[in-house]
Amino acid sequence: MSLMLTLNLLAGAILLCHSLCVLNRMNRHSNHLYRLFYVLMGVGALAVLAGPLYGYTQPPPGEALLKVGMTGVVVIGWLIKNRRAVP
């Protein structure tokens, strides 16, 4: 298994979990554009995770780096939002 595929699968799993958690917290008053964004992000992450089943084992470096960058934005935002106050 190549490094790019491993990074792509790990980033896809993190993005799928994040989008499912965000969609679970939304209600009928949530912004529909945010909802659409997270649905599309979740479907894209699911497609990345299902890719090796269909022979997609060599992702281009740009795709893997873009997915890892988006995961970094999501994880850093989550860490900043959920940090504890330091006394």
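Above this note sits the structure.
What this report covers is the structure whose coordinates are included nearby. (Residues numbered from 1 in each chain as written. Predicted model: local features only at pLDDT ≥ 70, side-chain atom pairs only at ≥ 80, totals over all residues. Heavy atoms only, no water.)

Bringing the packing of helix H1 (residues 3-25) against helix H3 (residues 61-81) into the picture now. Closest axis-to-axis distance for the H1/H3 pair is 9 Å, and the angle between their directions is 40 degrees. In terms of orientation, H1 and H3 fall into the oblique class. Note on packing geometry: the crossing formed by H1 with H3 is left-handed. For the pair H1 and H3, contact is made by Met 4, Leu 7, Asn 8, Ala 11, Gly 12, Ile 14, Leu 15, His 18 and Arg 25 and by Pro 61, Glu 63, Ala 64, Lys 67, Val 68, Met 70, Thr 71, Val 74, Val 75 and Lys 81, respectively. (Axes fitted to C-alpha atoms, helices over the stretch in contact; angles between N-to-C directions. Helix = DSSP H or I, 4+ residues; strand = E, 2+ residues; numbered from the N terminus. Parallel < 35°, antiparallel > 145°, perpendicular 65-115°, else oblique. Left-handed = near helix turned anticlockwise from the far one by under 90°. Contact = heavy atoms within 4.5 Å.)

Moving on: a nonpolar patch on the surface. Nonpolar side chains collect at one region of the surface, where Leu 10, Ile 14, Val 75, Trp 78 and Leu 79 lie side by side and expose about 460 Å² of accessible area between them. Sort the elements by how many residues they give to the nonpolar patch and H3 lands first, with three residues. A relative accessible area of 32% places Ile 14 in the partly exposed class. (Patch = residues over 30% accessible without salt bridge, like charges linked within 9 Å, V, L, I, M, F, W, Y side chains within 5 Å. Areas by Shrake-Rupley, 256 points an atom, 1.4 Å probe, with all protein chains shown as cover. Salt bridge = Lys/Arg side-chain N within 4 Å of Asp/Glu carboxyl O. Buried < 20%, exposed > 50% of the residue type's maximum accessible area, 1.4 Å probe, protein only.)

A few words now on H3. Taking 1.5 Å of rise per residue, the 21 residues of H3 would be expected to cover 30 Å, and the 30 Å separating its terminal C-alpha atoms lies within 8% of that figure. Those residues of H3 that sit buried are Ala 64, Lys 67, Thr 71 and Val 74. One side of H3 carries all its buried residues, which in axial view fall inside an arc of 95 degrees. The outward face of H3, more than 90 degrees from its buried face, is lined by the exposed residues Leu 65, Leu 66, Val 73, Ile 76 and Ile 80. Residues of H3 that are buried make contact with H1 and helix H2 (32-50). (Expected span 1.5 Å × (residues − 1). Arc of directions from axis to C-beta.)

What follows deals with the packing of aromatic side chains. In the structure shown here, the tally under the stated rule is one aromatic pair. Between the aromatic rings of Phe 37 and Tyr 38, the centroid separation amounts to 5.2 Å while the plane-to-plane angle is 70 degrees, which identifies the pairing as edge-to-face. Taking relative accessible area as the criterion, Phe 37 reaches 39% and is therefore assigned partly exposed. Take Tyr 38: its relative accessible area is 17%, and that puts it in the buried class. (Phe/Tyr/Trp six-rings, centres within 6.5 Å; stacked < 30°, edge-to-face > 60°.)

Positionally, Gly 72 belongs in helix H3. Taking the relative accessible area as the measure of exposure, Gly 72 reaches 25% and is therefore partly exposed. Linking Gly 72 and Ala 11, residues 61 residues apart in sequence, is a C-alpha distance of 8.7 Å.

Moving on to the nonpolar core. Leu 15, Leu 16, Val 22, Tyr 38, Met 41, Ala 45 and Val 74 together form the largest nonpolar core, which totals seven residues. When neighbours within four sequence positions are excluded, Tyr 38 is seen to be in contact with His 18, Ser 19, Val 22, Leu 23 and Met 26. (Core = buried A, V, L, I, M, F, W, Y, C linked by side-chain atoms within 4.5 Å.)

Our next topic: the side chain of Lys 67. For Lys 67, the position within the fold is in helix H3. Those residues in contact with Lys 67 that lie beyond four places of it in its chain are Asn 8, Ala 11, Gly 12, Leu 15, Gly 44 and Val 48.

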